[in-house]
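Here are the chains, one letter per residue:
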Amino acid sequence: MSRLLLVNGSCADQSVDAVVNAANSGLWAGGGICGVIFKKAGLAALTAACSKYKTPLKDGSAVITPAFQMKNAKNIIHAVGPDFSRTPTAFKELFDAYYNSLCVLMENGLHSISFPLISSGIFGGSLSKPAAESTKQCCRAYKKFIEDHPDYDVTVILCAYSSNEMIEAQKMFDAMTNS
């Protein structure tokens, strides 16, 4: 039985098969959740694993690496969210970042995943409610994934880190999951 949950916390702290990194197109260590994940996994090992991919990756793409020193996950899925300050209408690419992460999860025989609110921090650009938009696209991607793969069970944990993000995300999550 697949399920989608919204929690107030860090995706890097959830006990899941795969933690999602809100990655940049070069797969290098960044700030925010990306920096946290690189630090928890081990900077040198994760940087070496990421360097095996041909970059830059396109917005919306997702790739997988081991989680190395992270005790709460087996793998890290690196999802490249769009930068809304450069591409203010990149909603499809944001949807794709979530959907493609779920496909990578399934392709690797994994069943649980924790997401940050992709493209809601510095990549949120001029979006008026970036946490709500990210929540909306996660919910849409989850619904499409379970329609496309009804026999594959997944547990998806969407993580809103701050209390303000949680308030914004909760309103959208309730609207999307009760419709």
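This text follows the structure it describes.
Because the structure is predicted, anything quoted here is derived from the model rather than measured.

Definitions and cut-offs
Residues numbered from 1 in each chain as written. Predicted model: local features only at pLDDT ≥ 70, side-chain atom pairs only at ≥ 80, totals over all residues. Heavy atoms only, no water. Phe/Tyr/Trp six-rings, centres within 6.5 Å; stacked < 30°, edge-to-face > 60°. Helix = DSSP H or I, 4+ residues; strand = E, 2+ residues; numbered from the N terminus. Buried < 20%, exposed > 50% of the residue type's maximum accessible area, 1.4 Å probe, protein only. Axes fitted to C-alpha atoms, helices over the stretch in contact; angles between N-to-C directions. Parallel < 35°, antiparallel > 145°, perpendicular 65-115°, else oblique. Contact = heavy atoms within 4.5 Å. Pairing = 2+ DSSP bridges. Core = buried A, V, L, I, M, F, W, Y, C linked by side-chain atoms within 4.5 Å. Salt bridge = Lys/Arg side-chain N within 4 Å of Asp/Glu carboxyl O. Right-handed = clockwise from strand over helix to strand, strands pointing away.

**Student:** Before we move on, can you summarise the packing of aromatic side chains with the specific residues and values?
**Tutor:** Counting across every chain of the model gives 4 aromatic pairs. Taking the centre distance of 5.8 Å and the plane angle of 10 degrees together, the rings of Phe95 and Tyr99 count as stacked. Of this pair, Phe95 and Tyr99 both sit in helix α3 (residues 91-107), 4 residues apart, which is roughly one turn of that helix. One exposure class covers both Phe95 and Tyr99, and it is buried. On the numbers, 6.2 Å between centres and 65 degrees between planes, the contact of Tyr99 with Phe145 is edge-to-face. You can see Tyr99 sitting in helix α3 and its partner Phe145 sitting in helix α4 (residues 130-148), a full 46 residues away along the chain. Classification of Phe145 as buried rests on a relative accessible area of 0%.

**Student:** I'd like a rundown of the packing of helix α1 (residues 32-41) against helix α2 (residues 43-50), residues and numbers included.
**Tutor:** Closest axis-to-axis distance for the α1/α2 pair is 6 Å, and the angle between their directions is 110 degrees. Judged by the inter-axis angle, α1 sits roughly perpendicular to α2. Together, Ile37, Phe38 and Ala41 of α1 and Leu43, Leu46, Thr47 and Cys50 of α2 make up the contact between the two elements.

**Student:** Talk me through the sheet that holds strand β6 (residues 155-160); I want residue IDs and the actual numbers.
**Tutor:** Taking strand neighbours across the sheet as the criterion, the 6 strands line up as β1-β6-β5-β2-β4-β3 in an open arrangement whose pairing is mixed. Since the sheet does not close on itself, it has two edges, and those belong to β1 (3-8) and β3 (62-66), each with one partner. On average, each strand axis in the sheet is tilted by 25 degrees relative to the strand beside it, whichever way the strands run. In this sheet, strand β4 (residues 75-80) lies alongside strand β2 (residues 18-23) in parallel orientation, the contact comprising 6 bridges. Along β4, the bridge assignment pairs Ala22 with Ala79. With respect to the sheet, α3 is in contact with β2, β3, β4, β5 (112-116) and β6, its orientation differing from that of β5 by roughly 155 degrees.

**Student:** Summarise unusual backbone geometry; cite the residues concerned and give the values.
**Tutor:** For the bond running from Thr55 to Pro56, omega is 5 degrees, close enough to zero to count as cis. Along the chain, Pro56 falls in the loop between α2 and β3. Non-glycine residue Leu27 carries a positive phi angle of around 60 degrees. Considering the arrangement of structural elements, one finds Leu27 in the loop between β2 and α1. Under the relative-accessibility criterion, Leu27 is labelled buried at 4%. Positive phi outside glycine occurs at Phe68, with the angle close to 50 degrees. With respect to the element layout, Phe68 can be found in the loop between β3 and β4.

**Student:** Describe the nonpolar core, naming the residues involved and giving the relevant values.
**Tutor:** With 40 residues, the main nonpolar core has Ile77, Tyr98, Ile113, Phe115, Ile118 and Val156 as its most contacted residues. A per-element tally of this core places α3 first, with 9 residues. Every residue in contact with Phe115, bar those within four places of it in the chain, is listed here: Cys11, Val20, Tyr98, Ser101, Leu102, Cys138, Val156, Ile157, Leu158 and Cys159. Core analysis: the second largest hydrophobic core is formed by 21 residues, Cys11, Val19, Ile76 and Val80 among them.

**Student:** Please provide a residue-by-residue account of the pattern of salt bridges, values included.
**Tutor:** In the structure shown here, the tally under the stated rule is 4 salt bridges. A salt bridge links Lys40 to Asp13, with the shortest nitrogen-to-oxygen separation between them at 3.2 Å. With Lys40 in helix α1 and Asp13 in the loop between β1 and β2, this residue pair connects regions lying 27 residues apart in the sequence.

**Student:** Pulling in residues and values, what's your account of the pairing of β6?
**Tutor:** Taken residue by residue, a regular strand's side chains alternate between the two faces of the sheet. β6 sits mainly inside the fold: 6 of its 6 residues count as buried. Neither face of β6 is exposed, since Thr155, Ile157 and Cys159 on one face and Val156, Leu158 and Ala160 on the opposite face are all buried. Two strands pair when backbone bridges link them, and β1 and β6 are joined in this way by 6 bridges, in the parallel orientation. Across the sheet, residue Asn8 finds its bridge partner in β6, namely Ala160. Of the strand pairs in this sheet, β5 and β6 are connected by 5 bridges, and their pairing is parallel. Bridge assignment links Ser114 to a residue of β6, and that residue is Ile157. The parallel pair β5 and β6 is bridged by α4, and the resulting crossover is right-handed.

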